[in-house]
Amino acid sequence: MLVIEDFGYKVIIGHGVLGKLVDALNPGASSVCIVADERVYSIHGQKLISCLPETMRVEKITFPPGEAGKTRQTKEFIEDTMLGAGLDRDTNVLSFGGGVTSDLAGFVAGTYMRGIQWTSVPTSLLAAVDASLGGKTGVDTKYGKNLVGMIHQPRAVLIDVDLLSTLPAGEVENGLAEMVKHAVLADRSYLSSLVRAGPMFTSDPVHSVDLIAESVKIKAIFAAHDIHDHGTRRILNFGHTIGHALELATGYGISHGRAVSIGMCAELWAAVISGLFESADLEYVCQALLNLGLPVSLPKGVSPEEILQAMTMDKKRANGRIFISLPRGMGKPYANMERPVVVVQEDTVLSALEKVAK
Ligand code: GLY
């Protein structure tokens, strides 16, 4: 078991750490309100309940799985169910699930009776290495993803790797892409470790705890001292400007992990063209992504021009210029904290996208 406190609260990682659940709750909690999607709750719910004292008041609120439910309506449903059950300010919200769940549960906790405590138990690799860390919470609107929300830090995050061992491959790749991003930004040797362990490491007890812990520590380097995302945290958007545009251009027909993987390759090309990144390192990263089973080129039928167009809709593009987070060197955390957002000309991004076009 590992305990990381770089975010200012405990992130506990290990096998069977769900057994530590009571220690991760507010000691004065009058009740616990579990927030989970129906799928996760049906698979792991009983295990979670068995870790809570029988004497504790426990409410459970579930909702249908999927990003489509990350809305103000679902938030209202959770809040009204909590109010209807008479839950007070001493309730500890317990987020149990992937990124959609922690975004919703954390946002509910942040505004319920002007803010109550919450604890996060991620059940997806993406939530374990990224979404559950750093307090970003919120919902999607018809105008775009994550446009309404707040920063509300959990009181603890409990990453029980046994919950991750049954994830489908598609879910694993969403987390893997973020782990590769962390390696590029802060630690070259971490990328070799990921490749050595391979994409199925979540089912391999020898590797998963250390590899997940490394990602938690790297995320903290950039996010723990910039929780409101005005400075160094923005470098964590590396791969996501083009990745989000690709998701939009394909009508979300590509997984987040695959889109970010292609986004990282294209953005590294933009960094190489801008003189910020070595081309040999770009090749190393793209080969590592391929070895991990992640794509490095645009899907058939998606053109560089379409991606640029999608960036306009994402408001990252203005007057022929694009605001983008590009690394300044492979595995160089301090260099990558400097000026995390750069302005590049549209032509540079178009040339970069052409490099990853099939
Ligand atoms: N997922 C990036 C961040 O938390 O800033």
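Structure: above.
Residues numbered from 1 in each chain as written. Predicted model: local features only at pLDDT ≥ 70, side-chain atom pairs only at ≥ 80, totals over all residues. Heavy atoms only, no water.

Draft legend 1. The overall build of the chain, seen in detail. For the chain, the helix and strand inventory stands at 13 helices and 12 strands. Taking 358 residues into account, the globule formula puts the C-alpha radius of gyration at 21 Å, and the chain, at 20 Å, falls close to it. Overall size of the chain, expressed as C-alpha extent along the three principal axes, is 60 × 45 × 35 Å. If you take every contact in the chain between residues at least 6 apart in sequence, the share linking residues at least 24 apart comes to 76%. Carbon and sulfur atoms provide 51% of the accessible area of the chain, an area that totals close to 14700 Å². (Helix = DSSP H or I, 4+ residues; strand = E, 2+ residues; numbered from the N terminus. Rg over C-alpha atoms; globule rule 2.2 N^0.38 Å. Contact = heavy atoms within 4.5 Å. Areas by Shrake-Rupley, 256 points an atom, 1.4 Å probe, with all protein chains shown as cover.)

Draft legend 2. How the structure looks around the site of the ligand. The environment of the ligand is made up of Asp130, Lys136, Lys219, Arg233 and Leu236. Between the ligand and the protein, one listed contact pairs an oxygen atom with a side-chain N or O atom of Lys136 at 2.9 Å. Computed on the free molecule, the ligand has an accessible area of 200 Å², of which 85% lies beneath the protein chains in the complex. Per-class residue counts for the shell around the ligand are 1 nonpolar, no polar and 4 charged. (Near = heavy atom within 4 Å. Polar contact = N/O pair within 3.5 Å; in protein donor to acceptor, adjacent residues only side chain to side chain. Nonpolar A, V, L, I, M, F, W, Y, C, P; charged D, E, K, R; others polar.)

Draft legend 3. Representation of the sheet that holds strand β4 (residues 57-63) in the model. Taken together, the 7 strands give an open sheet; going across it, the order is β1-β2-β9-β6-β5-β3-β4, and neighbouring strands pair in mixed fashion. One side of each edge strand has no neighbouring strand; the edge strands of this open sheet are β1 (2-4) and β4. Between one strand axis and the next, the sheet turns by 20 degrees as a mean value, whatever way the strands run. As paired elements, β1 and strand β2 (residues 10-14) share 3 bridges and run antiparallel to each other. Within the sheet, the bridge partner assigned to Leu2 lies in β2 and is Ile13. Each of β3 (31-37), β4 and β5 (91-97) is contacted by helix α1 (residues 38-50), which is oriented at about 145 degrees to β3, the strand it contacts most. Sheet strands touched by helix α2 (residues 72-84): β3, β4 and β5. Its angle to β4, the strand with the most contacts, is close to 155 degrees. (Pairing = 2+ DSSP bridges. Axes fitted to C-alpha atoms, helices over the stretch in contact; angles between N-to-C directions.)

Draft legend 4. Spatial organisation of the nonpolar core. Of all hydrophobic cores here, the largest spans 80 residues; its most connected members are Val11, Ile13, Met179 and Ile212. Non-local contacts of Ile212, meaning those with residues more than four positions away in its chain, are made with Ile13, Leu125, Val129, Ile159, Val161, Leu164, Met179 and Phe201. (Core = buried A, V, L, I, M, F, W, Y, C linked by side-chain atoms within 4.5 Å. Buried < 20%, exposed > 50% of the residue type's maximum accessible area, 1.4 Å probe, protein only.)

Draft legend 5. Fine view of the environment of Gly84. Among the secondary structure elements, Gly84 is positioned in helix α2. Given a relative accessible area of 69%, Gly84 falls into the exposed group. Note: C-alpha distance between Gly84 and Met179 (95 residues apart in sequence) is 40 Å.

Draft legend 6. A look at the pairing of strand β12 (residues 341-345). Residues of β12 alternate between two faces, with Val342 and Val344 buried on one and Val341, Val343 and Gln345 left unburied on the opposite face. Across 5 bridges, the pairing between strand β11 (residues 321-325) and β12 is antiparallel. Note that in β12 the partner of Arg321 across the bridge is Gln345.

Draft legend 7. Quick look at unusual backbone geometry. Non-glycine residue Asp229 carries a positive phi angle of around 65 degrees. Mapping Asp229 onto the fold places it in the loop between α7 (205-223) and α8 (240-249). Backbone geometry places Tyr252, a non-glycine residue, at a positive phi of 60 degrees.

Draft legend 8. Here's a closer look at the state of the cysteines. Taken as a whole, this structure holds 0 disulfides when the rule is applied. For Cys51, which is in no disulfide, the shortest distance to another cysteine sulfur is to Cys33 and amounts to 17 Å. As a non-bridged cysteine, Cys265 has Cys286 as the owner of its nearest cysteine sulfur, 3.1 Å distant. (Disulfide = S-S within 2.5 Å.)

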